[in-house]
Amino acid sequence: MEIHNGLEHFNANKPVITIGTFDGVHLGHRQVISRLKEIADSVNGESVIFTFYPHPRLIVSPEENTLRLLTTRDEKIDLFREIGIDHLVIFPFTTEFSKLSYEDFVRTILVGKMNISHLVVGYDHKLGRNREGNYTVLKELSKELNFTIEQLDVLLMEDVNISSTKIRQSLETGNVARANRYLGYDYTLTGKVIAGNQLGRKLGFPTANIETLDEHKLIPHDGVYAVRVKIDNSDYEGMLNIGTRPTISHNADHRSIEVHIFDFNQDIYMHELTLYFVGKIRDEHKFESLDALQEQLKKDKESALEILSGQ
């Protein structure tokens, strides 16, 4: 896969293009990308994903602080690489670019700079200023500018249309199993190990405190989860607590991410690790004593191992 930060050096043979933010690179996105590759192969062309950085909402509505992403820029690159496309264009999203009409975008960029052969869009795709570029108007423009266009139907699972919004809602309620089904892979968080209060060590369950690398990355609902952990290309199993440490703290505004890695005793302070959410064990709640918490942690470990063994 060739990565282009902008279009200065872009060159492709009969480019078959799809456009979007692709947050999550979920099964709905993968349906579009699969068709993209199929068409590119049929015309001896090259598959191209055109996406943006930073996320458009950070530019269009900078005063908002509600954006939560399923995938970071680097995570998306890795997922696209795994899928196997020819070109990934990461276009700088600016205030000026946000004012571009769909027609100007098609004429100056897709046709003028990329020489588009075919455009593949999802069932609800719209582009350009105020999202005015829907399938109907794009199809008319394609006839004038001599490229073809195809719109795909919605992908349904469990009678629900798969979307980034539905996946975010699942994670925000702690339903990682459903989120993973819609994603087609286990939801991940990558972060750096930072200093903690060492309480877990005293309880016999030492934890690594995690600080996420991207402030906009979505953190699932508070609770205890069964996770897989990757550190320095080695894989482990563990259980993760997200919450406010209510047994020992009254600071309800600060969410903590703490992972206990099974059968592990290395010093990983300031190391990066990646957490793969497999299933939720329980909600977080306050215990009457540290002894009660310790007993619950033993049960949580049994539950985590059971969930992880069922993968």
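The structure displayed is predicted, hence computed values, not measured ones.

Calculation rules
Residues numbered from 1 in each chain as written. Predicted model: local features only at pLDDT ≥ 70, side-chain atom pairs only at ≥ 80, totals over all residues. Heavy atoms only, no water. Salt bridge = Lys/Arg side-chain N within 4 Å of Asp/Glu carboxyl O. 1 Å grid on protein atoms, 1.4 Å probe; cavity = no way out; pocket = protein on both sides within 12 Å on 5 of 7 lines; lining within 4 Å. Points joined across faces, edges and corners; volume = space filled by probe spheres on them. Helix = DSSP H or I, 4+ residues; strand = E, 2+ residues; numbered from the N terminus. Nonpolar A, V, L, I, M, F, W, Y, C, P; charged D, E, K, R; others polar. Domains from an automatic or database assignment. Axes fitted to C-alpha atoms, helices over the stretch in contact; angles between N-to-C directions. Parallel < 35°, antiparallel > 145°, perpendicular 65-115°, else oblique. Left-handed = near helix turned anticlockwise from the far one by under 90°. Contact = heavy atoms within 4.5 Å. Buried < 20%, exposed > 50% of the residue type's maximum accessible area, 1.4 Å probe, protein only. Arc of directions from axis to C-beta. Buried area = accessible area lost by both parts, 1.4 Å probe. Polar contact = N/O pair within 3.5 Å; in protein donor to acceptor, adjacent residues only side chain to side chain. pLDDT = per-residue confidence, 0-100. Core = buried A, V, L, I, M, F, W, Y, C linked by side-chain atoms within 4.5 Å. Pairing = 2+ DSSP bridges.

### Comments concerning the pattern of salt bridges
Taken as a whole and assessed by the stated rule, the structure comprises 16 salt bridges. Taken together, the shared-partner salt bridges connect Arg35, Glu38 and Glu150 into one network.

### Some remarks on the layout of surface pockets
If you add up the space inside the largest pocket, you get close to 1200 Å³. At the level of elements, strand E2 (15-19), helix H1 (27-42), helix H2 (56-60), helix H4 (95-98) and helix H7 (164-172) are the ones that each hand at least two residues to the lining of the largest pocket. For the lining of the largest pocket, the residue count by class is 18 nonpolar, 17 polar and eight charged. In terms of lining residues, the second largest pocket is bounded by 22 residues, among which Glu75, Asp78, Thr188, Thr190 and Thr274 are the most central. Among the elements of the structure, helix H3 (73-83), strand E9 (188-194) and strand E14 (272-282) are those that each provide at least two residues to the lining of the second largest pocket. At six residues, H3 tops the list of elements feeding residues into the lining of the second largest pocket. In the lining of the second largest pocket, the residues fall into six nonpolar, six polar and ten charged. Residues lining the lining of the second largest pocket come from more than one domain, with at least three contributed by each of domain 1 (2-157) and domain 2 (186-310).

### Quick word on the packing of H7 against helix H8 (residues 176-183)
Two numbers describe how H7 lies on H8: the axes approach to 7 Å, and their chain directions differ by 155°. By the angle between their directions, the pair H7 and H8 is classed as roughly antiparallel. The element H7 and its partner H8 pack so that their crossing is left-handed. Residue-level inspection shows Lys166, Ile167, Ser170 and Leu171 of H7 in contact with H8, the latter providing Val176, Arg178, Ala179, Tyr182 and Leu183. For the contact of H7 with H8, the class distribution of residues is six nonpolar, one polar and two charged.

### Observations concerning helix H5 (residues 102-111)
Within the sequence span of H5, burial applies to Tyr102, Phe105, Val106, Ile109 and Leu110. Taken end-on, H5 shows its buried residues confined to a sector of 115°, consistent with a single buried face. Summarising the contacts, the buried residues of H5 are in contact with E2, strand E3 (46-53), strand E4 (87-92), H4 and helix H6 (135-145).

### Looking at the domain arrangement of the protein chain
Domains assigned within the protein chain are domain 1 (2-157) and domain 2 (186-310). Measuring from the centre of the C-alpha atoms in domain 1 to the corresponding centre in domain 2 gives 36 Å. Contacts between the two partners involve eight residues from domain 1 and, on the opposite side, seven residues from domain 2. Overall, the association of domain 1 and domain 2 removes approximately 700 Å² of surface from exposure, summing both partners, and the carbon and sulfur fraction of that is 55%. Connecting domain 1 to domain 2 are one salt bridge. A salt bridge links Lys217 to Glu75, with the nearest nitrogen and oxygen atoms 2.8 Å apart. Summed over the shared surface of domain 1 and domain 2, the result is five residue pairs in polar contact (both at pLDDT 80 or more). Looking at the side of domain 1 that touches domain 2, its residues break down into four nonpolar, two polar and two charged.

### Comments concerning the confidence of the model for the protein chain
Residue-level pLDDT values for the protein chain average 91, and 94% of them are 70 or greater. Per-element confidence in the protein chain ranges from a low mean pLDDT of 60 for helix H9 (residues 199-202) to a high of 98 for E4. Low pLDDT, under 50, characterises residues 247-253; the stretch is placed with eleven contacts to residues that sit more than four places away or in other chains.

### Some remarks on the nonpolar core
If you look at the biggest cluster of nonpolar residues, it comprises 47 residues, and the most contacted ones within it are Leu240, Val259, Leu275 and Phe277. Tallying contributions element by element places H1 first for this core, with five residues. Apart from residues no more than four positions distant in its own chain, Val259 is found in contact with Pro206, Thr207, Ala208, Ile210, Val227, Val229, Met239, Leu240 and Leu275. Leu7, Phe10, Phe91 and Phe147 belong to the second largest nonpolar core, which has 27 residues in total.

### Regarding the packing of H5 against H6
The geometry of a pair of packed helices is captured by two quantities: the angle between their axes and the separation between those axes. Closest axis-to-axis distance for the H5/H6 pair is 11 Å, and the angle between their directions is 40°. It follows that H5 is oblique to H6 by the angle criterion. When you trace H5 past H6, the crossing you get is right-handed. Contacts between H5 and H6 involve Tyr102, Glu103, Val106, Arg107 and Val111 on the former and, on the latter, Val137, Leu138, Leu141, Glu144 and Leu145.

### Description of the sheet that holds strand E6 (residues 148-151)
What holds strands together in a sheet is hydrogen bonding between their backbones, with the strands either parallel or antiparallel. Reading across the sheet, the six strands line up as E1-E4-E3-E2-E5-E6 and stay open at both edges, with parallel pairing between neighbours. Whereas interior strands pair on both sides, the edge strands pair on one side only; in this sheet they are strand E1 (2-4) and E6. Each adjacent strand pair in this sheet contributes to an overall mean axis angle of 20°, direction not counted. Looking at chain direction, E2 and strand E5 (residues 118-121) are connected through three bridges and run parallel. If you follow Val16 over to E5, its bridge partner there is His118.

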